[in-house]
Amino acid sequence: MLFALICKDKPGSLQVRLDTRSDHIAFLEGLNGDKKLGFAGPFLDADGKPDGSLVVVEAPDLAAARALSAADPYTKAGLFESVEIRQWNWSFNKPVSE
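Draft legend 1. Region of the structure containing the overall build of the protein chain. If you tally the helices and strands in the protein chain, you get three helices and four strands. N-terminal to C-terminal, the α/β element order of the protein chain is β-α-β-β-α-α-β. The C-alpha radius of gyration computed for the protein chain amounts to 13 Å, which stays within 12% of the reference 13 Å derived for 98 residues, consistent with globular compactness. Overall, the protein chain is about 40 × 25 × 20 Å in size when its C-alpha atoms are taken along their principal axes.

Written as C-alpha coordinates, this is what we have:
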(Lines give C-alpha, C1' and ligand atoms only; values in the text may rest on other atoms or scores of the structure.)
Protein backbone atom coordinates (compact mmCIF):
# COMPACT_ATOMS: atom_id res chain seq x y z
CA MET A 1 0.00 0.00 0.00
CA LEU A 2 1.07 3.56 -0.62
CA PHE A 3 0.98 6.15 2.15
CA ALA A 4 1.46 9.90 1.80
CA LEU A 5 3.36 11.55 4.63
CA ILE A 6 2.27 15.19 4.60
CA CYS A 7 4.66 17.06 6.87
CA LYS A 8 4.49 20.69 7.97
CA ASP A 9 7.63 22.30 9.39
CA LYS A 10 7.56 24.21 12.66
CA PRO A 11 7.72 27.98 12.07
CA GLY A 12 11.27 29.32 12.07
CA SER A 13 12.82 25.86 11.68
CA LEU A 14 14.64 26.27 8.36
CA GLN A 15 18.04 25.88 10.04
CA VAL A 16 16.97 22.55 11.57
CA ARG A 17 16.01 21.39 8.08
CA LEU A 18 19.32 22.53 6.61
CA ASP A 19 21.37 20.99 9.42
CA THR A 20 19.59 17.62 9.09
CA ARG A 21 19.22 17.49 5.31
CA SER A 22 22.15 15.17 4.54
CA ASP A 23 20.90 12.58 7.05
CA HIS A 24 17.35 12.92 5.66
CA ILE A 25 18.62 12.40 2.08
CA ALA A 26 20.59 9.31 3.16
CA PHE A 27 17.43 7.98 4.85
CA LEU A 28 15.40 8.51 1.65
CA GLU A 29 18.13 6.87 -0.43
CA GLY A 30 17.91 3.85 1.88
CA LEU A 31 14.13 3.68 1.45
CA ASN A 32 14.59 3.97 -2.30
CA GLY A 33 17.14 1.16 -2.29
CA ASP A 34 14.67 -0.99 -0.34
CA LYS A 35 11.94 -0.13 -2.89
CA LYS A 36 9.87 1.58 -0.16
CA LEU A 37 9.99 5.12 -1.58
CA GLY A 38 7.49 6.26 -4.19
CA PHE A 39 8.65 9.86 -4.38
CA ALA A 40 9.50 12.76 -2.09
CA GLY A 41 10.15 16.47 -2.05
CA PRO A 42 9.71 19.66 -0.06
CA PHE A 43 6.76 22.01 -0.01
CA LEU A 44 7.85 25.60 -0.64
CA ASP A 45 6.67 28.85 0.94
CA ALA A 46 5.94 32.08 -0.96
CA ASP A 47 9.66 32.88 -0.98
CA GLY A 48 10.58 29.48 -2.44
CA LYS A 49 12.05 28.20 0.84
CA PRO A 50 11.14 24.70 2.08
CA ASP A 51 8.48 24.61 4.77
CA GLY A 52 7.30 21.01 4.73
CA SER A 53 7.62 17.69 2.95
CA LEU A 54 5.60 15.24 0.92
CA VAL A 55 6.95 11.69 1.09
CA VAL A 56 5.09 8.76 -0.45
CA VAL A 57 6.14 5.37 0.88
CA GLU A 58 5.22 1.74 0.28
CA ALA A 59 4.24 0.00 3.51
CA PRO A 60 2.10 -3.02 4.40
CA ASP A 61 -0.10 -1.01 6.78
CA LEU A 62 -0.51 2.27 8.64
CA ALA A 63 1.61 1.11 11.57
CA ALA A 64 4.55 0.43 9.25
CA ALA A 65 4.09 3.81 7.55
CA ARG A 66 4.12 5.48 10.98
CA ALA A 67 7.33 3.61 11.84
CA LEU A 68 8.99 4.85 8.63
CA SER A 69 7.90 8.40 9.42
CA ALA A 70 9.26 8.14 12.96
CA ALA A 71 12.63 6.92 11.63
CA ASP A 72 13.10 9.97 9.38
CA PRO A 73 15.95 12.17 10.67
CA TYR A 74 13.74 15.23 10.15
CA THR A 75 11.18 13.72 12.54
CA LYS A 76 13.87 12.79 15.04
CA ALA A 77 15.27 16.35 14.90
CA GLY A 78 11.86 17.79 15.77
CA LEU A 79 11.49 19.64 12.46
CA PHE A 80 7.80 18.95 11.95
CA GLU A 81 4.89 20.76 13.53
CA SER A 82 2.59 18.06 12.18
CA VAL A 83 2.68 14.86 10.15
CA GLU A 84 -0.46 13.53 8.51
CA ILE A 85 -0.24 9.98 7.17
CA ARG A 86 -2.87 8.99 4.63
CA GLN A 87 -3.29 5.88 2.50
CA TRP A 88 -2.96 6.98 -1.11
CA ASN A 89 -3.86 5.56 -4.51
CA TRP A 90 -1.65 6.51 -7.46
CA SER A 91 -4.23 6.80 -10.25
CA PHE A 92 -2.63 8.83 -13.05
CA ASN A 93 0.85 8.86 -14.60
CA LYS A 94 1.98 5.98 -12.47
CA PRO A 95 5.41 4.71 -13.58
CA VAL A 96 5.38 1.37 -15.34
CA SER A 97 6.84 -1.40 -13.18
CA GLU A 98 9.66 -3.41 -14.65
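Draft legend 2. Layout of empty space enclosed by the protein. Tallying each qualifying case throughout the model produces one cavity of 30 Å³ or more. Computed from the structure, the largest cavity encloses a volume of approximately 60 Å³. Residue lining of the largest cavity: Leu5, Cys7, Phe27, Leu31, Val55, Val57, Ser69, Asp72, Thr75 and Phe80, and that is the complete set. At the level of elements, strand E1 (2-9), helix H1 (14-33) and strand E3 (50-58) are the ones that each hand at least two residues to the lining of the largest cavity. Taken together, the residues that form the lining of the largest cavity break down as seven nonpolar, two polar and one charged.

Definitions and cut-offs
Residues numbered from 1 in each chain as written. Predicted model: local features only at pLDDT ≥ 70, side-chain atom pairs only at ≥ 80, totals over all residues. Heavy atoms only, no water. Helix = DSSP H or I, 4+ residues; strand = E, 2+ residues; numbered from the N terminus. Rg over C-alpha atoms; globule rule 2.2 N^0.38 Å. 1 Å grid on protein atoms, 1.4 Å probe; cavity = no way out; pocket = protein on both sides within 12 Å on 5 of 7 lines; lining within 4 Å. Points joined across faces, edges and corners; volume = space filled by probe spheres on them. Nonpolar A, V, L, I, M, F, W, Y, C, P; charged D, E, K, R; others polar.

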